[in-house]
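Descriptive structure summary
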Amino acid sequence: MTTTKAPDILPRILDYSSRADPYPLYAELRKTPVALQEDGSYVISTYRELTGILHNPHLSSDVRNLSRPIPGAEERGTPSFINIDPPEHDRLRRLAMRPFGPPHTPGLVTGMEPDLTAIVSGLIDDFAGKERIDIVDDFAYPFPVTVICHLLGVPREDEPRFHLWVNAIIDLLAYDPKTDPKEKLDNGIQASKDLRQYLGGLLEQRHGRPGDDLLTRLANDDGPDGRMTDEEIVSTANLLLIAGHETTVNLITNGTLTLLRHPQVLQRLRNEPDLIVPLVEELLRYEPPVHMIPWRAAYSDITVADTVIPKGSQIMLMLASGSRDPDRFHDPDRFDPDRQDNQHLGFGSGIHLCFGGPLARLETQIALNELVRRLDRPRLVTDPPPYRPSPVLRGPIHLHIEQS
């Protein structure tokens, strides 16, 4: 296996014209599992190589280990724990998990099921009398935003403010100084500062006060690892606010689109609601909300597929490509909710395995089951639908449907 080919495929994947269906390009990319790009970065696209490097201690998530820094990285504030390496990563992740899940708060996610169902039912109730529904604006976006605002303790009425900031920050995930205007970088940096300042203001109100929301608990929790600094809490809240709804919006929307494209599976789910658990796992493989990790850094020289990646190199991990690798998954381009041994990369792998995966799974399971149960013969208005700009967090920006 060599790295001498495939530098021209990545720009085609990143180009918006490929957003509706990047999978044929992923198949082409996998012919060169480790592809050296013209700028000196490396793209990894096959399942075996991806899982190997995601568990490799020589892979760094810290931008400071890149020989060629990411534009604007230093101006975006204290990084969250997904952009920090052990042992500091481990400490911050443990602190974040204390109010969020096991072992200290084991029933948080499962205990939310009645409330999640009520929110979903209320949103579907609002479909009444509408000839056309936008699954994104009317359902897939307001649902997880309401949930994460409640969890964090962020006022739901502030959503219009942080919505604009989040969009600008997401635009930076695949920022390319060679092709993108500097205005895009400046807007994203300013949005990062504005969102952090906003969250910092909310945090100031939480110190020394009782409350069950995550901001309050992080501000006042003293465990065996001590307490997060205010900067660390703001960075963690920033991560949870963005990742806590953006990925779930895409997963629910991609799931709705996939079911409408597979009416036999939709009907089966209507008859067999318990199918939803393996079905969501197959969605995470087949149409994941996160398609790539734009960068990681090599702590030292790393050998992947007989290729030496030099220390300091930028490495792009094509997770969605790995989850469609025919060397790992039989008939990978087929949507099969009965698929066995479905060890997909939809939530990543290794020490940075998605922190909010259990909540995203439950939200999507409830959302899709209720949609299928209550919608009457839904039909796609446009296929393919228009997609969001980002090649990293991939999903329709609108998904219009009609029902009888």
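All of these numbers come straight from a predicted model, not from anything done at the bench. (Residues numbered from 1 in each chain as written. Predicted model: local features only at pLDDT ≥ 70, side-chain atom pairs only at ≥ 80, totals over all residues. Heavy atoms only, no water.)

**Some points on empty space enclosed by the protein**
Where empty space is left can be seen by rolling a probe of water-molecule size over the atoms. Scanning all chains against the criterion turns up 3 cavities of 30 Å³ or more. One number sums up the size of the largest cavity: a volume of about 70 Å³. Lining of the largest cavity is provided by T256, L259, L260, L266, L368, L371, V372, L375, P378 and I401. For the lining of the largest cavity, the elements supplying multiple residues, two or more each, are α11 (230–261) and α15 (357–374). (1 Å grid on protein atoms, 1.4 Å probe; cavity = no way out; pocket = protein on both sides within 12 Å on 5 of 7 lines; lining within 4 Å. Points joined across faces, edges and corners; volume = space filled by probe spheres on them. Helix = DSSP H or I, 4+ residues; strand = E, 2+ residues; numbered from the N terminus.)

**Focus on the environment of K311**
Within the secondary structure, K311 sits in the loop between β7 (307–309) and β8 (314–317). Separated by 13 residues in sequence, K311 and A298 have C-alpha atoms that sit 4.9 Å apart. Ignoring anything within four residues of it in the chain, the contact list for K311 reads A298, Y299, S300 and D301. (Contact = heavy atoms within 4.5 Å.)

**Here we look at the state of the cysteines**
Within this structure, the stated rule accounts for 0 disulfides. C354 provides the cysteine sulfur closest to C149, a residue in no disulfide bond, and the two sulfurs are 18 Å apart. Looking at C149, the relative accessible area reads 2%, which means it is buried. For C354, a relative accessible area of 28% corresponds to the partly exposed category. (Disulfide = S-S within 2.5 Å. Buried < 20%, exposed > 50% of the residue type's maximum accessible area, 1.4 Å probe, protein only.)

**Observations regarding the nonpolar core**
Core analysis: the biggest nonpolar cluster contains 99 residues, and F139, L151, F162, L195, L199, L279 and M318 have the highest contact counts within it. If one sorts the elements of this core by residue count, α11 sits on top with 13 residues. Leave out the neighbours within four places in its chain, and M318 touches L10, I13, Y26, L29, V43, I44, S45, L50, H291 and M292. L59, I293, I315 and L345 belong to the second-largest nonpolar core, a separate cluster that totals 19 residues. (Core = buried A, V, L, I, M, F, W, Y, C linked by side-chain atoms within 4.5 Å.)

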